[in-house]
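Single-letter residue listing:
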Amino acid sequence: MLPDLRELGMALRSRELSATEHVRDVLDRLAADTCNAVIALDAERALAAAAERDAELARGEWRGPLHGVAVGVKDLIDVAGLPTRAGSNVLADAPPAAADAPVVARLREAGAVIVAKLHTHEFAYGPTGDVAATGPARNPRDPSRITGGSSSGSAAAVGAGHLPLALGTDTGASVRTPAALCGVVGLKPAFGVLPTEGCFPLSESLDHVGVLAPDVHAASVAWDVLSRPDGTGGGIQSPGVDGVRVGVLTDDYWRPLDPALAKAVEAGAARLQARGAQLHEVSTPMIEELAATYAVIVGAEAYATHAQWLADRPQDYQPITRERLLPYADQPARAYVDALRTRRRLKAALRAAVAHLDVLLLPTTRLRATPIGADEVTVDGASVAVRPQLLALTLPFNLTGWPAASVPGDVADGELPAGVQIVGVRLEERGVLRVAGALARD
């Protein structure tokens with residue numbers, strides 16, 4: 001495993017470890033990856049950039065805590081000189097991107113070295129990570145199981161210990177669900193805080209850029225850099241949750257199907273309470289109706305993007321992606337407009353219901369990692385569709401646009417990871433990460 005980002009940053013800044021040595025080590029790890037996380041290595045340019053970072057340090061120039069740190073980028077986000085194929089044969093012949101997406105440019109400005117493009121569920125239209133032209137991504141904890149999606153390669157590469165940091169995108173689950181299933185930290189910031197230019201769209205009214213990292217500290221460093229347009233970064237949020245008001249959701253909608261997930265949330269709540277947080281039970285009776293608007297909005301916006309390709313090149317899509325997009329060809333405009341209006345009304349109702357709280361605490365998913373290719377699994381003797389269970393508990397916070405993070409919860413050694421989600425109501429991203437840090441075991 002790689003050293004944690006704090007240790008790595010200190011070693012790089014002191015020149016005990018050169019950026020070139022670090023980047024070469026990461027490239028070797030990614031080249032040997034067995035999770036199908038890597039789409040393309042950018043080895044030559046990455047080593048050249050690492051050498052530049054070493055030369056800067058030799059001159060006494062330090063860009064900040066990401067100086068010389070290797071970073072991977074989901075293959076939905078433009079990296080200059082590399083094609084963005086979005087996991088699809090539709091873009092098999094895509095030319096290299098002419099420019100970095102702004103989020104990538106911010107990382108470079110902060111001294112990060114971009115080393116690879118990483119696996120994505122085709123066009124980000126799915127939460128499992130096992131539908132792509134390059135085949136399924138595999139969970140680093142159990143290669144027979146899914147990573148979650150759509151930031152599948154980012155979560156797998158970080159979870160396998162190959163990378164100290166990766167970028168992803170999140171339209172309904174796509175950073176937090178793979179983070180939960182692969183046992184890493186995933187941060188989805190508030191809507192619109194990070195630019196989405198240079199990212200292939202799924203649903204422009206719900207798309208977010210996010211971060212996947214091994215721990216909360218690394219996610220905090222990345223957030224601090226990305227949230228500043230000049231890429232400089234600043235101070236990290238101080239720890240501590242004394243007096244923080246934590247909402248524990250009581251509606252059936254929020255209950256996981258896997259008992260381990262409920263136990264992980266209970267353990268997290270107890271830990272926060274022991275550290276001074278105040279727990280409050282809260283009901284959200286509007287949640288079912290609000291959540292129902294998600295598929296209508298995403299489906300309409302995604303179909304609008306893909307309509308011409310679906311007409312001209314339907315065979316280039318993975319069959320399941322095509323089957324999920326085509327029904328929206330016949331969806332009336334009124335359904336989309338009604339969904340937007342309902343979303344606006346119920347977002348305000350949800351905000352009112354939880355306005356007295358600082359954060360919400362809940363599972364990230366209703367299930368842990370399921371077998372690759374399994375559309376359904378059996379829970380308590382009943383067949384359950386996998387896809388909705390991986391989306392249900394995260395998508396409401398794309399509809400509201402509130403910041404949210406998934407962190408690993410308590411499970412027994414050797415068990416599949418269980419994600420716990422912290423959602424900011426009054427607290428912004430740094431506050432959410434502060435609460436996330438307090439969830440960590442001593």
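See above for the structure.
Parameters at a glance
Residues numbered from 1 in each chain as written. Predicted model: local features only at pLDDT ≥ 70, side-chain atom pairs only at ≥ 80, totals over all residues. Heavy atoms only, no water. Helix = DSSP H or I, 4+ residues; strand = E, 2+ residues; numbered from the N terminus. Contact = heavy atoms within 4.5 Å. Areas by Shrake-Rupley, 256 points an atom, 1.4 Å probe, with all protein chains shown as cover. Lys, Arg positive; Asp, Glu negative; His and termini not counted. Charge placed at Lys NZ, Arg CZ, Asp CG, Glu CD. Buried < 20%, exposed > 50% of the residue type's maximum accessible area, 1.4 Å probe, protein only. Pairing = 2+ DSSP bridges. Axes fitted to C-alpha atoms, helices over the stretch in contact; angles between N-to-C directions.

1. Some thoughts on the overall build of the protein
Summing up its helical and strand segments, the protein has 14 helices and 13 strands in all. Taking the principal axes of the C-alpha coordinates as reference, the protein spans close to 60 × 60 × 40 Å. Of all intrachain contacts in the protein linking residues separated by at least 6 positions in sequence, the fraction that spans at least 24 positions is 77%. In the form shown here, the protein has an accessible surface area of approximately 16,700 Å², with 51% of it arising from carbon and sulfur atoms. Taken as two groups, the 42 positive and 52 negative side-chain charges of the protein have centres that lie 4 Å from each other.

2. A word on the environment of Trp402
Inspection of the secondary structure assignment puts Trp402 in the loop between helix 13 (396–399) and strand 12 (404–408). Owing to a relative accessible area of 4%, Trp402 belongs among the buried residues under this scheme. Spatially, the C-alpha atom of Trp402 lies 27 Å from that of Leu325, the residues being 77 residues apart in sequence. Trp402 has contacts with Lys188, Pro189, Ala190, Leu350, Arg351, Val354, Leu360, Phe397, Val423, Gly424 and Val425, leaving out every residue within four places of it along the chain.

3. Describing the environment of Pro195
Inspection of the secondary structure assignment puts Pro195 in the loop between strand 5 (185–188) and strand 6 (208–213). Linking Pro195 and Glu61, residues 134 residues apart in sequence, is a C-alpha distance of 28 Å. Sequence-distant contacts of Pro195, defined by excluding residues within four places in its chain, comprise Pro102, Val103, Arg106 and Val209.

4. Considering the sheet that holds strand 5
Strand order in this open sheet of 11 strands is 1-3-2-4-6-5-12-13-9-7-8, and the pairing throughout is mixed. Edge positions in the sheet fall to strand 1 (38–41) and strand 8 (278–282), since each has one partner strand and no second. Between one strand and the next, the sheet's axes are offset by a mean angle of 30°, whatever the strand orientation. Direction of pairing for strand 12 relative to strand 13 (residues 419–424): antiparallel, over a ladder of five bridges. Across the sheet, residue Ser406 finds its bridge partner in strand 13, namely Gln421.

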